[in-house]
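Per-entry structural report
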Amino acid sequence: MNRLLKLMIVDDEPLVRLALQHMIDWPSMGIAVEVEAADGAEALEILRQRDDIDLMLLDIEMPRLSGIELLRTYPAVKEKQRPVTIMLSAYSDYSYVREAFVLGAIDFIVKADMDEEHLVPVVLKAISELHKQAPPLHPLPISETQDDVDAKSEVLRQLITYDPNQQEDAAAIAGTGIHEWLGESNQLVAVMTIAHGSANSRMERTLHDTKTQRFIRQSVQTVLDAMSIRHFIYRKSQTEYVLFCTLAQYRSESVIREKVQSAFAMMQTRLIQYVNVSISIGVSELASGTKHWYRLHQQAAHLAAMSFFAGWNKVFYPESCMDQGRAGANTGSGSGANTGQDHVRKLQLTLKANGAGIAQLLEQDNPELWSREFEQMQLLLGQTWGWRPQDVQAALEDLLWELGGLLYRRGIRWDDLEDELQHPFEYMKSLETLEETKSWLHRICTNLHSWLHGKEKADCSYSIVVATAKQFLDLHYMEDVNLALISEMVGVSESYLSKQFTKEVGSNFIQYLTHLRIEESKRLMKKKGFKITDIAETVGYLNVEHFSRMFKKTTGCSPKLYRESLLK
């Protein structure tokens, strides 16, 4: 296993050094916090005594010897030798920034923005710079050439594409390649899928970001290395990774399961913490023999798709949907498989009839009639656990066709109900969970019933999910609330709630929460006897500086100036 990169933190404030130690899970990035220094003079002495420091987080303003003075005194940084240096400062003093860059610093972070969101990309940049430096003073984590990566990716693609039962020769050739790399004892495949959305609007952009993709891959690789799991990672698409693993050194299946569970739980935690990525992981059973890779991938992919039913940030094993999954996947042979297929066909026909019934009852003025039929559909959908998500969506397309016919007969267009419903069938396929799909369909039916019977568009302007979330925020905005908590409370994923909240309310979750807090703080400022610090804490900000920044960003002036304007 390659050694961890060694990091030195140089800052005269002990709390800052402590925060930096715990702000990031450094080992997951292949980094160990090796040593600390309280000022530039102490750091310089350390650098003169040892030549194995790879990275340095360096404060600009320090007693005895500042960060700038240290860079001047220790020319190795300017000469592009180790350590690669990231500057820290309490202020955005760009004269210092320019000089730090001239003296060899690779990047700069203002302490007010010092969190994992800002720090991780800069650290990744520093790691990349370390790889460019040659010759290295010490062994660095080895990166393959792009040609090597491309060649292995092609072999792995063939492994999951060619069915040995139908394309034996092609599968055998691909199997020979992976046998040389991983062997074929105690092998398994894991499929990791990434949610399209996230707890904030940045997610879809960050999925396109090369640094984020690199961090995802690096996190997965670091965890598997730490658990001594031999592996190869194949990025099948922008939101799907396939992990080929072998654990030949273990003889006990229970030990293997424990290792695998720990590894994937760690991956989920790190990806949520550092890049706010929600994932689903399907893990195949164990097998031995290269001919099994194709089957193991099919099984793992089917299991990963169970997030459609159970939500994100879960790991699914074969027993997760042993009974229903077999029926939904149409696997197996003989009478058992036929029975499962018969059950699926019967349920599909029942759902189709149910959809037609909902469409007919929407024409009745009494909303309870179609609502009861819709509840019946929800009960039927509860029996689809283990189906492929596309099969569930195909069964629900009949309802869309029925609703479309009803709209056509009344001269109503899809986008009269929802702005984004120009292509409803495609939109339904973009929904990531069954709960999101049911909520969306219920909203459509509610609005359609209102249109048909001469009412305004839906008596309730918000869907049930958004209305519940909004009501909770209106009552509890002064508490420690977040999107993860509320999405769990209303029973949908964070990505769906974030997207729907923005669409229906007109502002995203954070903007709405901030608005509630700032409006309440303005009301409290009109009363005598409240200090700014007390007001900040009352409306939900434990940090008065953060409150002041948000207040100024929202109102255009500081809390102090706002209060003075009230007195005038």
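Everything quoted here is computed from the prediction, not taken from an experiment.

Looking only at helices and strands, one finds 26 helices and 10 strands in the protein. Across the 568 residues of the protein, 48% fall into the buried class. For the protein, contacts bridging at least 24 residues in sequence account for 68% of all contacts bridging at least 6. Carbon together with sulfur atoms contributes 50% to the accessible area of the protein, which is approximately 27900 Å² in total.

Applying the stated criterion to the full structure yields one cavity of 30 Å³ or more. Of the volumes computed, that of the largest cavity is approximately 40 Å³. As for the largest cavity, its lining consists of L7, L55, M56, L57, V84, I86, V123 and A126. Those elements giving two or more residues to the lining of the largest cavity turn out to be β3 (55–59), β4 (84–89) and α5 (116–132). Among the elements that take part in the lining of the largest cavity, β3 stands out by supplying three residues, more than any other. Tallied by class, the residues present in the lining of the largest cavity amount to eight nonpolar, no polar and no charged.

The biggest cluster of nonpolar side chains holds 58 residues, and the ones touching the most others in it are L362, M377, L403, W440, L448 and L473. Broken down by element, this core gets its largest block of residues, eight residues, from helix α16 (residues 389–410). The residues touching L403, leaving out its near neighbours within four places in the chain, are A359, L362, W414, I444, C445 and L448. I31, A190, Y250 and L271 belong to the second-largest nonpolar core, a separate cluster that totals 54 residues.

What follows is about the sheet that holds strand β9 (residues 279–283). Strand order in this open sheet of five strands is β7-β8-β6-β9-β10, and the pairing throughout is mixed. Of all the strands in the sheet, just β7 (230–237) and β10 (314–316) have a single pairing partner and so form its edges. The average undirected angle you get between the axes of adjacent strands in this sheet is 20°. Relative to β9, strand β6 (residues 187–194) runs antiparallel, the two sharing five bridges. Bridge pairing in β9 places V191 opposite G282. Lying on the sheet, helix α11 (residues 293–304) is in contact with β6, β7, β8 (240–246), β9 and β10; it crosses β6 at an angle near 35°.

Sheets are built from strands that pair by backbone hydrogen bonding, the pairs being arranged parallel or antiparallel. Strand order in the open sheet formed by five strands is β2-β1-β3-β4-β5, and the pairing between neighbours is parallel. Two strands close off the open sheet at either side, each with one partner strand: β2 (31–37) and β5 (107–110). Averaged over all pairs of adjacent strands, the angle between their axes in this sheet comes to 20°, without regard to strand direction. Bridge count between β4 and β5: four bridges; the pairing is parallel. Bridge pairing in β5 links S89 to V110. Packed on one face of the sheet, helix α1 (residues 14–23) meets β1 (5–10), β2, β3 and β4 and runs near 175° to β2. In this fold helix α2 (residues 40–49) packs onto β1, β2 and β3, with an angle of close to 125° to the strand it touches most, β2.

Residue position: D59 is located in strand β3. Accessibility expressed as a relative area gives 3% for D59, which makes it buried. When sequence neighbours within four positions are dropped, the list of residues in contact with D59 reads V10, D11, D12, G67, L88, S89 and K111.

Tallying each qualifying case throughout the model produces 11 aromatic pairs. Between W401 and F425, the aromatic rings sit 4.8 Å apart at their centres with planes inclined by 40°, giving tilted as the arrangement. With a gap of 24 residues between them, W401 in helix α16 and F425 in helix α18 (residues 424–430) connect regions that are remote in the sequence. Here the aromatic cluster, defined as three or more aromatic residues joined through ring pairs, consists of Y541, F547, F551 and Y562. In this structure, R257 packs its charged tip against the face of Y317, placed 4.0 Å from the ring centre. Here the basic side chain of R517 rests over the ring of Y541, its NZ or CZ set 5.1 Å away from the ring centre.

Of note in the backbone geometry, S228 takes a positive phi value of approximately 60° without being a glycine. In this structure, S228 sits in the loop between α9 (210–226) and β7.

Procedures and definitions
Residues numbered from 1 in each chain as written. Predicted model: local features only at pLDDT ≥ 70, side-chain atom pairs only at ≥ 80, totals over all residues. Heavy atoms only, no water. Helix = DSSP H or I, 4+ residues; strand = E, 2+ residues; numbered from the N terminus. Buried < 20%, exposed > 50% of the residue type's maximum accessible area, 1.4 Å probe, protein only. Contact = heavy atoms within 4.5 Å. Areas by Shrake-Rupley, 256 points an atom, 1.4 Å probe, with all protein chains shown as cover. 1 Å grid on protein atoms, 1.4 Å probe; cavity = no way out; pocket = protein on both sides within 12 Å on 5 of 7 lines; lining within 4 Å. Points joined across faces, edges and corners; volume = space filled by probe spheres on them. Nonpolar A, V, L, I, M, F, W, Y, C, P; charged D, E, K, R; others polar. Core = buried A, V, L, I, M, F, W, Y, C linked by side-chain atoms within 4.5 Å. Pairing = 2+ DSSP bridges. Axes fitted to C-alpha atoms, helices over the stretch in contact; angles between N-to-C directions. Phe/Tyr/Trp six-rings, centres within 6.5 Å; stacked < 30°, edge-to-face > 60°. Lys NZ or Arg CZ within 6 Å of the ring centre and 35° of its normal.

These results come straight from atomic positions and should not be treated as a statement about function.
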